[in-house]
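Remarks on the overall topology
One letter stands for each residue in the lines below.
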Amino acid sequence: MRILTASDRTLLVEAADLEEAMRLNLAWDGVPGIVERIPGARTVLVRFDPLGTSAAALAEVLSATGVDAEHVPHTREVTVPVHYDGEDLAEAAGMLGVSAEELVNRHLAADWQVAFSGFAPGFGYVVSGDPLFDVPRRPSPRTRVPAGSVALAGQFTGVYPRESPGGWQLIGRTDAVMWDIDRDPPALLSPGALVKFERAGRATVELPLSSAGENRDELASPRSVAAQHADDTPGRPGFPERGGVEVVRASMQLLVQDAGRPGHAALGVSASGAADRTALRDANRAVGNESDAAVLESVGGAVLRFHGAGVAAVTGAFGELTLTDAEGVDRSIPHGIPFATVDGDELTLGHPRHGLRYVIGVRGGIDAASALGSRASDTLAGLGPDPLVAGALVGVGDAAPHSVDPVATPRELPAPGDLVELDITLGPRNDWFTASALGTLTGQEWLVTPRSDRVGIRLHGDAPLERSTLGELPSEGAVTGAIQVPPDGQPVLFLPDHPLTGGYPIVGALTDRCLDLAAQLPPGARIRFRIARIEEGPQ
């Protein structure tokens, strides 16, 4: 096997084929130092704890692994009804040298099995033995693919569980629910399942709902925080006893976030969590919470009203912060310093002068619905509380084991137009690019475009990155901070809500210490990448 550097905390292990990748993934269960594994079409992405092992030591352990020859076990059978009317159907058929009708008939006739999960919760990579299905992805991904879209890419069929970006070829659509967190398993297309596609209108196999009552609270369906507290107003039953925070004016994006939900890659669920982890820790330390308590994350300015007495702090982006009391008297609030609030106080977050994302911590933590053990809002997966809108009210918890800390951590964050240097590691697919492209990657400036969100930052450079390998890359795992390059040569820098797997080559990845700074890059900022010196495993 070949072991490649995927980041300063991740290795990518190449296998001979899909079967071997699945067997290797199973064989590494329980290896010390491994945090998470993400199997792909012919790879396994292995994320490790640098306090528990090193890249070189782990690579030695992985390379010595022996696997048996057993196939990945089959689990159950699922039938998916499809309307074959996708907008890429004719084009995909033309690329394969068949008619659209023949493509559909062979799609219906093939025996399919879910090989692995990724991209988003409920997205299964479904493979068959029919050699026809080897379709290139679109040259540039769509920014919005409708939920239920049935699509082809490489040797796989997949169904988009919810609206999301994507670069697969769309051949149809289904009304089947791909992801239901109240179902067991939540994913209709879970690894190992045998899948039969049928023309829509025929009967489908229904999976039983989970009867495991002890798990249903933690696996609650995502709900809007506004809906959860629709009747939570002063004087009405259900109003948070410990007070709350009301959204008077929402920002471009206002979310509940915490430290995320790592460890669920097998379900196709990424860790997500606060984009700026430093700001999360600083806000919680300021108000006396545990470092991973839930906070509010705001892209741009907003107005929040406090109900009940409490303590709050604002970290992350820098801008004008004003607290207005019930009498209309304003006072300026210092960045990063805890301040007392009383019932009716309104906090106004001005447009950030430096950085992009404010983090608002309240003593006791934000009390919102939990999904898979976290209150983080994953915008790609649709897990956790929905984005907050005007009128939404979130409760405040009572877990604040520490005293407030008035010492703010000094930080320098970029403004639009500023140039920021970010350290990266090359790989795992830097060999897919020309030598001149690698020079361009670090030699020219990259502009942060407005087409950016928690999934990723779309960058633009005067010279796109030229590939030396023009074929399709089988889907493989990706990390937060990965620099993925679509065929147009303009990179996308992955942020916490990125897909777990993808098929465009990744030329490099940010080092862990640069991730928080990347989360604060506003549109108009410029980036220059710099190759970091780290310990590397065998190539």
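Notes on the structure follow.

Rules of the game
- Residues numbered from 1 in each chain as written.
- Predicted model: local features only at pLDDT ≥ 70, side-chain atom pairs only at ≥ 80, totals over all residues.
- Heavy atoms only, no water.
- Helix = DSSP H or I, 4+ residues; strand = E, 2+ residues; numbered from the N terminus.
- Buried < 20%, exposed > 50% of the residue type's maximum accessible area, 1.4 Å probe, protein only.
- Contact = heavy atoms within 4.5 Å.
- Phe/Tyr/Trp six-rings, centres within 6.5 Å; stacked < 30°, edge-to-face > 60°.
- Core = buried A, V, L, I, M, F, W, Y, C linked by side-chain atoms within 4.5 Å.
- Pairing = 2+ DSSP bridges.
- Axes fitted to C-alpha atoms, helices over the stretch in contact; angles between N-to-C directions.
- Polar contact = N/O pair within 3.5 Å; in protein donor to acceptor, adjacent residues only side chain to side chain.
- Salt bridge = Lys/Arg side-chain N within 4 Å of Asp/Glu carboxyl O.

Observations concerning the side chain of T511
By the element assignment, T511 lies in the loop between β33 (506-510) and α9 (515-519). A relative accessible area of 5% places T511 in the buried class. Beyond its immediate stretch of four places on either side in the chain, T511 contacts D8, D423, I424, T425 and A532.

Structural notes on the packing of aromatic side chains
Within the structure shown, the criterion is met by nine aromatic pairs. When the centroid spacing of 5.9 Å and the interplanar angle of 85° are considered together, the rings of W112 and F197 count as edge-to-face. Of this pair, W112 sits in strand β6 (residues 112-117) while F197 sits in strand β13 (residues 194-199), placing them 85 residues apart in sequence. F197 shares its class with W112; the two are buried. Members of the aromatic cluster, joined through ring pairs, are F116, F123, Y125, F156, Y160 and W168.

Here's the deal with the nonpolar core
The biggest cluster of nonpolar side chains holds 33 residues, and the ones touching the most others in it are W28 and L62. Sorting the residues of this core by element identifies β2 (10-14), α1 (18-27), β4 (43-48), α2 (55-63), β6, β7 (124-128) and β9 (149-153) as the ones contributing at least two each. Leave out the neighbours within four places in its chain, and W28 touches M1, V13, I34, R37, V44, V46, L62 and T65. Core analysis: the next-biggest nonpolar cluster, separate from the first, contains 29 residues, V104, V114, L132 and L188 among them.

Things to note about the side chain of T315
Secondary-structure assignment places T315 in strand β18 (residues 310-318). Classification of T315 as buried rests on a relative accessible area of 3%. Other than its neighbours up to four places away in sequence, T315 contacts A279, D282, A283, H335, G336, R357, Y358 and V359.

Some details on the sheet that holds strand β34 (residues 526-531)
Taken together, the seven strands give a closed barrel; going around it, the order is β26-β33-β30-β31-β28-β27-β34, and neighbouring strands pair in mixed fashion. Strand-to-strand, the axes of this sheet are offset by a mean angle of 40°, without reference to chain direction. Note that strand β26 (residues 419-426) and β34 share six bridges and pair parallel. In the strand pairing of β34, E421 is matched with R528. Packed on one face of the sheet, helix α8 (residues 435-443) meets β26, β27 (446-452), β33 and β34 and runs near 120° to β34.

With respect to the environment of D130
Position of D130 relative to the elements: it lies in the loop between β7 and β8 (142-145). Residues D130 and A109, spaced 21 residues apart in sequence, show a C-alpha to C-alpha distance of 9.3 Å. Setting aside its immediate chain neighbours within four residues, D130 contacts R106 and A110. In terms of polar contacts, D130 uses its side chain to reach the side chain of R106, at 2.7 Å.

Let's talk about the pattern of salt bridges
The full count for this structure, using the stated rule, is 30 salt bridges. Salt-bridge contacts for R199 lead to E101; the nearest nitrogen and oxygen are separated by 2.9 Å. In this pair, R199 sits in strand β13 while E101 sits in helix α4 (residues 100-109), placing the two residues 98 residues apart along the sequence. Here E102 and R106 are joined by a salt bridge, their closest N and O atoms 3.4 Å apart. Taken together, the residues span about one helical turn, with E102 and R106 both in helix α4 at a distance of four residues. Note on E102: relative accessible area 33%, which makes it partly exposed. Connected through salt bridges with shared partners, the residues R2, E14, R429, D431 and E476 form a single ionic network.

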